[in-house]
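# Overview (structure and organization)
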Amino acid sequence: MGRTVPSFRIAEAQEVAGWKAFRKALPGKDRAAFDQMTGAARLYTSASSAAVRPSRFEGMAMALIFHHQKLLARAIRSALEIRQGEGSP
Amino acid sequence: MKGWLFDLYPGKPGEMVVWLKLDDGRAERLVDHWSPSFFIGTDHASDLTMPLQTIGKELAWTRVVHRLERVTDSAKTEVVEAKVRDAKRIQQVAGRLERLGPYGTFRLYNVDISPSQSYLYEHEVFPLARCEVTQVGERLQWDLHDDVMDYEYAVPPLRKVQLDVIIDKEGKVPRPTDRVKGITLESDAGKITIDRGNEADMLFELVRIVRDADPDFIITSDGDSFLFPYLVKRAETNGIADRLTLDRDGALLHLPSKGGTSYFSYGRTHYKPSSMKLYGRIHIDSNTSFSYSENGFEGLFELSRICRMPMHTSSRASIGKALSSLQFYHASKGGLLVPWKPTLVESFKDRNELMVADRGGFIFEPKMGVHEGVGELDFSALYPNIMYRKNISAETVRCPCCPDSKNRVPELGWNVCEKKKGIVPRAIEIIVKKRLRYKELKNNSKGEDHDRYNARQAVLKWLGVTTFGYLGFNNAKFGRIDAHIAVCAWDRKVLVDSVRIAERMGFEIVHGIVDSLWVRKEGAQKEDYLELKSNIESETGFAMSFEGIYKWVTFLPSKVDPDMPVLNRYFGAYADGELKVRGIEARRHDTPLAFTKCQMEILRILAKADSVDGAKRRVPECVGVFLRYATSLEHRGIPTAELAFRTNLSKGPGEYTTMTIQHAAVKQLVREGVELHAGEGIRYVITDYEGRDSRRATPLDFVDGEAPYDSKRYVKLLAEACSSVLEPFDKRCTAEGLMAAYRRHTAVPLA
């Protein structure tokens, strides 16, 4: 008995490891961005696990899209605040 | 005859020896002509005729009875009950029978239940039960004047003695060839030291004192693995092995027939030595007894009573083994047989169902960093309560009799039986009810009463935790992974529902893990948290406890990836200054005591602060603590014993290939003739971390006075331990930052 399906935390680490060749082919400074991206996916591990998708990449991809959506919204909000600030006397 | 059932074990063939502790303090030996039965199921009764004749001499009698063969059966079927003549041979007899037919022809039950436990189940009695016993012919008749559900039960006055031996060591570690220098016996009456005469005289004196003092318990440290075998060897050397007896039954102390066992559990290798049993008197080895070392005598008594296991057995049993005994009792009461080799398999699941099902409890990633005003709420015994109240058991989840049951497993939709209560909920009822009551009693009492109730509730907590694990354990007699999965599914629902309630009430979730929630709301007071607790309880149906509001709490990042939160690594100070510490060095068993002391001293300073800013202001004072310990290390002002690391060997001594620190210590121990097994614990001090040979570490037993420990390495490790608790408050307090501060402090370059 015991676990047949690995926990999403482990599966996610395996998926990241599976992209090792991709990471290796990136220029040095891009590798940091790549690590940042995979790290961002791990911020939503519980939600990805709850989604129960047959492909572990799907859970990670949704986490990244969602994270980018949040960043985008924050950037838009900041831009609007800056624009409002510029417009004020 | 009235008294307390103290000990029992099989005697001569057909006899069960029972010791009764009488009101006047004496222990009375009684004999009941009884032996246990095992049960045989087969598809064709005729298959059994010849095999039963073949093993006939081993059996007192056989008869056809009706029992539930499998936990999933709804009706009893015919099986043969075979009463053995000699309780000690029950497994050999069953094994012989099994081999007399093609594999699977005979289904064997109740074979590996200890005869003493079978006796207790059958007679509805338990260790330390107050009872009246009458001898009727060759049998004992039991009249129970006690109830295992009692919270306030009388335990007879019991005599306890701590036994130790002073060894005249010839080498660095004690060996069986070393002579006895002295023997000490310590009890409430005082300490007796036997050190006169030759070795044989001292052993005779030990036997005499034990016989005259007649203690109920002999407590040793390492009695199973060393002390008792050592005494046997010394008695043999002196030619007096035929007179070395320390029990009440006059049996000679002898070496166990088989060696100990190494086993792997939860990612660690463990070693369990064979037990050295006394008869009519209980030998407790504090090094091998989980229940005694964790919860003392009160924990041991409660465990033995509830699980109906003789105290010798329960003191050495894993909690899982104790739990199994509780389940066997309930099985025996309900006419359910206990399979020798369980064959219950999980229900078929397709890929999608398996992915939904095969998950653990829910976790909300912690928000890393230091937080103020966070409240913690914990569900009380959530998993045991889920099993008990939702009727989760191997035979009830996806039962064939209730396809339309209203009791359904969340997310999975599996039906749970509504017609009968499962074996697990039946067994766990006493654990859930008694623990709840003991916690109430503990909270309303002080001193000895408080400690007694606390020990009892603590041992029940372990039983509850283990019940869940055993649902998914492949060697459990009544386990099935579907039931394990169902509990996790319920947990996820309860935790996610609780989070929704908290958010509805304006709380922010800081962390959530399985059955605990950390939440925060600007300006929230105790009453607000209590209202949240009340709402969660009424909507989920499960009780919670409000642990308190933290002045500050820190959720730490991973040591490998500083951007990643770790689920169970945090520390914080409640409003009353009490600290809660999880997952850091001070909580680890392998951390040297000096590191634990230093880390806790720092935490106590931080706990005086009422806010995060206040804690930050106290960082310099904390750094001062680090510097004091580090300087002390450099000047060898810390006792070597406080610098010892403790580890369990992950493999046998011959299996190491590289000279790790652990291997260095092992190599020296083996060189001195110490017999080590995978799973055994060793303690060592780092003596030359940068070295390449076995001098890298020194076993603690070899340290004579002050060892030349590697102070540079220890200062570095101390800096790492201190940075775990200081860096969240001051980014400069990394291990490197603390090392730099130390270099400035000493003005002597370390490297």
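Scroll up for the structure.
All of the points below concern the structure found in this document.

Cut-offs used in this document
- Residues numbered from 1 in each chain as written.
- Chains lettered and ligands numbered in written order.
- Predicted model: local features only at pLDDT ≥ 70, side-chain atom pairs only at ≥ 80, totals over all residues.
- Heavy atoms only, no water.
- Helix = DSSP H or I, 4+ residues; strand = E, 2+ residues; numbered from the N terminus.
- Buried < 20%, exposed > 50% of the residue type's maximum accessible area, 1.4 Å probe, protein only.
- Areas by Shrake-Rupley, 256 points an atom, 1.4 Å probe, with all protein chains shown as cover.
- Lys, Arg positive; Asp, Glu negative; His and termini not counted.
- Charge placed at Lys NZ, Arg CZ, Asp CG, Glu CD.
- Core = buried A, V, L, I, M, F, W, Y, C linked by side-chain atoms within 4.5 Å.
- Domains from an automatic or database assignment.
- Contact = heavy atoms within 4.5 Å.
- Pairing = 2+ DSSP bridges.
- Axes fitted to C-alpha atoms, helices over the stretch in contact; angles between N-to-C directions.
- Salt bridge = Lys/Arg side-chain N within 4 Å of Asp/Glu carboxyl O.

### Some remarks on the overall build of chain B
- Helix and strand content of chain B: 20 helices and 27 strands.
- With the C-alpha coordinates of chain B rotated into their principal frame, the extents come out at 85 × 80 × 55 Å.
- When the 751 residues of chain B are sorted by exposure, 55% land in the buried category.
- Of the roughly 33700 Å² that chain B leaves accessible, carbon and sulfur atoms contribute 49%.
- The averaged location of the 105 negative side-chain charges in chain B is 1 Å from the averaged location of its 108 positive side-chain charges.

### Quick word on the nonpolar core
All names here are of chain B.
- One finds Trp 142, Met 387, Ile 392, Leu 463, Val 519 and Leu 532 to be the most contacted residues of the largest nonpolar core, which totals 96 residues.
- Of the residues forming this core, the biggest block, 13 residues, is contributed by helix 13 (residues 481-504).
- Split by domain, the residues of this core number at least three in each of domain 1 (2-144) and domain 3 (363-422 + 474-581).
- In this view, Leu 463 contacts Leu 303, Ile 306, Cys 307, Ile 319, Ala 322, Leu 323 and Ile 431; residues no more than four positions away in its chain are not counted.
- In terms of nonpolar packing, the next biggest core, distinct from the first, is built from 63 residues, Ile 602, Ala 644, Met 659 and Met 739 among them.

### Topic: the sheet that holds strand 11 (residues 179-187) of chain B
Residues and elements named next belong to chain B.
- Taking strand neighbours across the sheet as the criterion, the 5 strands line up as 12-11-10-13-16 in an open arrangement whose pairing is mixed. Across the chains shown, the open sheet's two edge strands, defined by having one partner strand only, are strand 12 (190-194) and strand 16 (282-285). Each neighbouring strand pair of the sheet contributes to a mean axis angle of 25°, computed without reference to strand direction.
- In this structure, strand 13 (residues 217-220) lies alongside strand 16, joined through 4 bridges in parallel fashion. Across the sheet, Phe 217 pairs through a bridge with Ile 282, a residue of strand 16.
- Contacts from helix 4 (residues 199-213) reach strand 10 (160-168), strand 11, strand 12 and strand 13 within the one sheet, and its direction differs from that of strand 11 by about 20°.
- Strands strand 10, strand 13 and strand 16 of the sheet are contacted by helix 6 (residues 290-307), whose axis makes an angle of about 175° with strand 13.

### Side note on the pattern of salt bridges
- Applying the stated criterion to the full structure yields 55 salt bridges over all chains.
- A cluster of three or more residues bridged by salt bridges with shared partners is formed by Lys 21, Arg 159, Asp 214, Asp 216, Arg 248 and Arg 281 of chain B.

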